[in-house]
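# An overview of the molecular structure
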Amino acid sequence: MAYRLIIANKTYSSWSLRPWLALAAADIPFTEELVPLGSDAFQARLAGLGTAGRVPVLIDGEAVVWESLAIISYVAERHPEAGLWPQDPLARAMAQAISAEMHAGFGALRNALPMNLARPVEPRSIDAPVRKDVDRICALWTAARARFGGAGPFLFGAFGAADAMYAPVATRLRTYGVPLDPVSAAYVDAIHAHPAFVRWREAALEESWVVAEDEIDWPTVKR
């Protein structure tokens, strides 16, 4: 039985993107179930699953897994051949650490620059807390690329779990025109060029829903 992944709007749902991208990039079969944010169907669908009432949620038979990093880790354990975590112990430790840091942190950036794949690229000024988050993220990317990224364009060479965790950040940095160092800029390019991400973004651009809280220019909706 294929996995079922419950997600929300592809335009806005950064947490949905993470496990979807990990599964799709690793060619692990799954079906997606998209429930629009703020709709009556959203809470109704998630009720009774024993989760926090948010997406994403992975259903695997009787197993119900929520939270993006937990889903990715669950799938990585079930499919070691997919190589979602690096084989090298040092690289794997760093990949897991920076993924956990992404899951738990960078609130200033996430609040100030919401993921919005439909918004045209347009620079926006950022304050000191957001700049601090950006600098930390770029430092992590640069360190991973320097130590372990020689075999490919992603953080640890081939696309993996850490890249899935940071992909929404890459979209934010591009959407809002945040200045980046050359290594980080090249990494953002690599994320946007990945075929799985391209499929997600193309689907996002077909959506008609608008979520005001994720439209930073509200009440103007830029498209």
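The structure this text deals with has already been given above.
Residues numbered from 1 in each chain as written. Predicted model: local features only at pLDDT ≥ 70, side-chain atom pairs only at ≥ 80, totals over all residues. Heavy atoms only, no water.

### Quick look at the sheet that holds strand E2 (residues 30-34)
To be explicit about the condition: A pair of strands is considered paired only if DSSP assigns at least 2 bridges between the two. Only DSSP runs of H or I reaching four residues or more are called helices, and only runs of E reaching two or more are called strands; each is numbered from the N terminus. Every axis corresponds to a line fitted to the C-alpha atoms, with the helix fit spanning only the stretch in contact, and the corresponding angles, defined between N-to-C directions, vary from 0 to 180 degrees.
Taken in spatial order, the 4 strands line up as E2-E1-E3-E4 in an open sheet, and their pairing is mixed. Both outer strands of the open sheet, E2 and strand E4 (63-66), are each paired with one neighbouring strand and no more. For this sheet, the mean angle separating the axes of adjacent strands, direction not counted, is 20°. Here strand E3 (residues 57-60) pairs with E4 via 4 bridges, running antiparallel.

### Brief notes about unusual backbone geometry
Rules: Per-residue accessibility, obtained with a 1.4 Å probe over protein chains only, is compared with the maximum for each type, and a residue is labelled buried under 20%, exposed over 50%, and partly exposed between these values.
Following Val55, the chain continues to Pro56 via a peptide bond in cis, the omega torsion being 5°. Of note, Pro56 is situated in the loop between helix H2 (40-46) and E3. Between Trp218 and the following residue, Pro219, the backbone shows a cis peptide bond with an omega angle of 15°. With respect to the helices and strands, Pro219 occurs in the segment after helix H9 (195-204). Here Asp27, not a glycine, exhibits a phi torsion of approximately 55°, which is positive. Tracing the chain through its elements places Asp27 in the loop between helix H1 (14-25) and E2. For Asp27, a relative accessible area of 67% gives the class exposed.

### What to know about the pattern of salt bridges
Inclusion rule: Whenever Lys or Arg places a side-chain nitrogen within 4 Å of a carboxyl oxygen from Asp or Glu, that contact is recorded as a salt bridge.
The full count for this structure, using the stated rule, is 14 salt bridges. For Arg136, the salt bridge identified is with Glu101, shortest N-O distance 2.8 Å. Here Arg136, found in helix H6 (residues 128-148), pairs with Glu101, found in helix H4 (residues 89-104); they are 35 residues apart in sequence, far enough to count as distant. Within this structure, Arg119, Glu122, Arg124, Asp217 and Lys222 form a network of salt bridges that share partners.

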